[in-house]
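Residues per chain, in single letters:
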Amino acid sequence: MLGGRTNHWGRYSFRNGPYDFKPKSRDGLGFDWPLSYEDVAPYYDKVEMLIGVYGDNNGLENTPDSPDGCLLPPPKPRISDLLMQNRAKGMGIPVVAAHRAVLTQRLDYNRLPAKLHPGNAFAQRIVSEAMQTRAACFWATPCGRGCSIRATYQSTTVHIPPAMASGNLDVLPNAMVREVTVNAQGKATGITIIDKTSGKERHASARVVVLAASACETVRILLNSRNAQFPQGVANSSGLVGKYIMDTVGSSLSAQIPLLESLPPYNDDGAGGAHIYAPWWLYKEQLAGKLNFPRGYHIEYGGGRAMPSASTGASMEWLTGGSYGRKFKEDARRYYGSFVSFSGRGDMIPNENSFCEIDPSKKDVWGIPVLRFHWKWSEHETRQAAHMQQTFADIISAMGGKVRGKPQLDGAKAIAQGGLIIHEVGGAIMGDNPSKSVTNQWCQTHDVKNLFLTDGAPFPSNADKNPTQTIMALAWRASDYIVSELKKGNL
Ligand SMILES: Cc1cc2nc3c(=O)[nH]c(=O)nc-3n(C[C@H](O)[C@H](O)[C@H](O)COP(=O)(O)OP(=O)(O)OC[C@H]3O[C@@H](n4cnc5c(N)ncnc54)[C@H](O)[C@@H]3O)c2cc1C
Ligand code: SF4
């Protein structure tokens, strides 16, 4: 899909915190990144200014504040948000404005482009023009289908139009990349693609090849790029391509809150997604060894009185037993808006048992070998999932609510299947040592100097923070590095 999954993502846009880049130094598990929060922070600033992220600064541990002028004002909390915030506060859980890539006001197209592209009048002009095409959210429609007024960030409306306007971008639709080609000197020369309309093979040559096909697909392309020089796949002298794939730890619980019943009807749609969330709050307890798992999670919270859907009636059957006619209407008015949901999103530590490799026999419709996956959660994650369930149940109880079903305190059963949260990262992890990593801190492969991976593949850990803003910040940082290396004649 042109523009990838940002066309329909959830738009949670978080910064990793300083601990998230040095997890091994804190608890001895997994890997440290070969860079620090300070290295990435200027790019987080730029990403926020370019795409438009609402949120605010709360001075919380490992939950970085943004400099003035980066964030847009958050939408006001919904009624159900205020209740949850109030009750969670009593339990010591901070509930603050969510950070999401939705415009709550128009971007300042006079000020921001100069901050994003200092000294580059041409880039400033095309970015300013693209910013002017985006309106602020009018709180009325389901954003999951994309936003026709361009209030949400998606790459099809934010990155691609100015890139097209630059005259430097050719989009080749229906071009399925199969492999990276390399020359005798071990430099990448381009990519081989299958034209999906004709099934024919084509080649595109390049001075620099950047793969950003999403973490696992980038791994697949590397592993499928085999030749005499790279019999294990391009950039895979370490044997680590495909290893240490990660997802986010996920577990959910929903409930009904009698206090929210029978409220008068009003428009509470908001920015088509969460207005608040709870960042991880138990860093100190964890450091003191008071928890039985090493890494944290944040809570994504759902509630409110958004436009009803066909399933709204069905979602209250567990309370009504399936009412009908007049009673159904009364029940709908009573219960509508009183349902809430909690989703934990937690840190996964890379492990040896979670990896992908080329399937020896299966191919896709274009004749390209596919991946097969191996997955195992460790106790670090399953215990975290059990903690999520207990926390959600406690908050629901503090809200005077009824849990739908019951909390699953067996973490191995509570945890979502690997891959289900769709935050896949890793598979070509970054590091300083070429025998223990695939890329360096610039997303540049150790083996092939003019080959870069700018999706989640180089992540050596998966913090609880949803990964996309970090993917974008690292991609921007890698791009600046590519330009400077090209100017020096190093690529
Ligand atoms: C429903 C949903 C909700 C999500 N919510 C959030 C969220 O709230 N916050 C968050 O941080 N993340 C979220 N994510 C994850 C987020 O979408 C991804 O992290 C992000 O899109 C990754 O960007 P990417 O460019 O690496 O990959 P993608 O967005 O997947 O883009 C890869 C692109 O490469 C193309 N491609 C793939 N293979 C080939 C090939 N062989 N040849 C040619 N082209 C190819 C694809 O068509 C696509 O255009 C969500 C994902 C989904 C699906
Ligand atoms: S609610 Fe969502 S789709 Fe509707 S205008 Fe706002 S951001 Fe766009």
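Details of the structure are given in the entry above.
The sections below set out a description of the structure shown in this document. All values derive from a computational prediction rather than experimental measurement.

Bringing the environment of isoleucine 368 into the picture now. With respect to the secondary-structure elements, isoleucine 368 resides in the loop between β13 (355–363) and β14 (369–374). Sequence separation between isoleucine 368 and alanine 101 is 267 residues, and the spatial gap between their C-alpha atoms is 35 Å. Among residues more than four places away in sequence, those in contact with isoleucine 368 are Met176, Val177, Arg178, Ile194, Arg220, Asn224 and Lys363.

Taken together, 24 residues surround ligand 1, and among them Met1, Arg5, Gly10, Glu217 and Thr468 come closest. Within the backbone of tyrosine 12, a nitrogen or oxygen atom sits 3.0 Å from a nitrogen atom of ligand 1. In the environment of ligand 1, an oxygen atom lies 3.5 Å from a nitrogen or oxygen atom belonging to the backbone of proline 467. Elements with a minimum of two residues in the shell around ligand 1: β4 (175–182), α9 (215–224) and α15 (468–487). Among the elements that make up the shell around ligand 1, the one with the highest residue count is β4 (3 residues).

Moving on: the state of the cysteines. Working definition: the covalent bond between the sulfur atoms of two cysteines is a disulfide. Within this structure, the stated rule accounts for 0 disulfides. Distance from the sulfur of cysteine 216, which forms no disulfide, to the nearest cysteine sulfur (cysteine 356) is 5.0 Å. Free of any disulfide, cysteine 443 has its nearest cysteine sulfur in cysteine 216, 16 Å distant. Residue cysteine 443 is classed as buried on the basis of its relative accessible area of 2%.

Here the focus is the sheet that holds strand β12 (residues 339–346). Ordered by their spatial adjacency, 6 strands build an open sheet running β3-β10-β11-β12-β9-β15, and the pairing between neighbours is antiparallel. Either end of the sheet is taken by a strand with one partner, and the two such strands are β3 (96–97) and β15 (402–403). With 2 bridges joining them, strand β9 (residues 249–256) and β15 adopt antiparallel strand pairing. Paired with glutamine 256 across the strands is lysine 402, a residue of β15.

Counted under the stated rule, the structure contains 17 aromatic pairs. Ring geometry for tryptophan 281 against tyrosine 297: centres 5.7 Å apart, planes inclined by 85°, an arrangement best described as edge-to-face. Of this pair, tryptophan 281 sits in the loop between β10 (276–278) and α10 (283–287) while tyrosine 297 sits in strand β11 (residues 297–302); the two residues are 16 residues apart in sequence, bridging distant segments of the chain. The pair formed by tryptophan 281 and tyrosine 297 is uniform in burial state, with each residue classed as buried. Connected via pairs of aromatic rings, a cluster forms that spans Trp280, Trp281, Phe293 and Tyr297. Note that arginine 477 overlies the ring of tryptophan 442, its terminal NZ or CZ placed 3.9 Å from the centroid.

Now for the layout of surface pockets. In this model, the second largest pocket occupies a volume close to 830 Å³. Secondary-structure elements contributing two or more residues to the lining of the second largest pocket are β9, β11 and β12. A total of 3 residues in the lining of the second largest pocket trace back to one element, the largest contributor, which is β12. Here the lining of the second largest pocket is built from residues that sort into 13 nonpolar, 14 polar and 5 charged.

Bringing the environment of glycine 250 into the picture now. Turning to its location among the elements, glycine 250 is positioned in strand β9. You can call glycine 250 buried: its relative accessible area is 2%. Expressed as a C-alpha distance, the spacing of glycine 250 and valine 180, which sit 70 residues apart in the sequence, is 34 Å.

In terms of burial, β12 is largely enclosed, as 6 of its 8 residues are buried. Two elements, β9 and β12, share 8 bridges in a ladder whose sense is antiparallel. For alanine 255, the partnering residue across the bridge sits in β12 and is valine 340. The pairing of β11 with β12 spans 6 bridges and is antiparallel. Bridge pairing in β12 places tyrosine 301 opposite phenylalanine 342.

Let's shift gears to α9. Residues spaced three or four apart along an α-helix face the same direction, because each turn holds 3.6 residues. Across the 10 residues of α9, 9 count as buried, placing the element largely inside the fold. Of the residues making up α9, those classed as buried are Ala215, Cys216, Thr218, Val219, Arg220, Ile221, Leu222, Leu223 and Asn224. Packing partners of the buried residues in α9 comprise β4, β7 (209–211), β13, β14, β16 (425–426) and β17 (451–453).

Right, let's talk about the packing of helix α3 (residues 37–51) against α15 for a bit. Two elements in contact, α3 and α15, have axes separated by 8 Å at closest approach and are oriented at 110°. One way to sum up the angle between α3 and α15 is to call them roughly perpendicular. Mapping the contact onto sequence places Asp39, Val40, Tyr43, Tyr44, Lys46, Val47, Glu48, Leu50 and Ile51 in α3 and Gln469, Thr470, Met472, Ala473, Leu474, Trp476, Arg477 and Asp480 in α15.

Mapped onto the fold, serine 251 is located in strand β9. Exposure remark for serine 251: the relative accessible area of 3% places this residue in the buried category. A distance of 2.8 Å separates a polar atom in the side chain of serine 251 from the backbone oxygen of alanine 414.

Quick look at the site of ligand 2 now. Around ligand 2, the neighbouring residues are Val102, Cys137, Phe138, Ala140, Thr141, Cys143, Cys147, Ile149, Ala151 and Thr152. Of the residues in the shell around ligand 2, the class split is 8 nonpolar, 2 polar and no charged.

The rules we used
- Residues numbered from 1 in each chain as written.
- Chains lettered and ligands numbered in written order.
- Predicted model: local features only at pLDDT ≥ 70, side-chain atom pairs only at ≥ 80, totals over all residues.
- Heavy atoms only, no water.
- Helix = DSSP H or I, 4+ residues; strand = E, 2+ residues; numbered from the N terminus.
- Contact = heavy atoms within 4.5 Å.
- Near = heavy atom within 4 Å.
- Polar contact = N/O pair within 3.5 Å; in protein donor to acceptor, adjacent residues only side chain to side chain.
- Disulfide = S-S within 2.5 Å.
- Buried < 20%, exposed > 50% of the residue type's maximum accessible area, 1.4 Å probe, protein only.
- Pairing = 2+ DSSP bridges.
- Phe/Tyr/Trp six-rings, centres within 6.5 Å; stacked < 30°, edge-to-face > 60°.
- Lys NZ or Arg CZ within 6 Å of the ring centre and 35° of its normal.
- 1 Å grid on protein atoms, 1.4 Å probe; cavity = no way out; pocket = protein on both sides within 12 Å on 5 of 7 lines; lining within 4 Å.
- Points joined across faces, edges and corners; volume = space filled by probe spheres on them.
- Nonpolar A, V, L, I, M, F, W, Y, C, P; charged D, E, K, R; others polar.
- Axes fitted to C-alpha atoms, helices over the stretch in contact; angles between N-to-C directions.
- Parallel < 35°, antiparallel > 145°, perpendicular 65-115°, else oblique.

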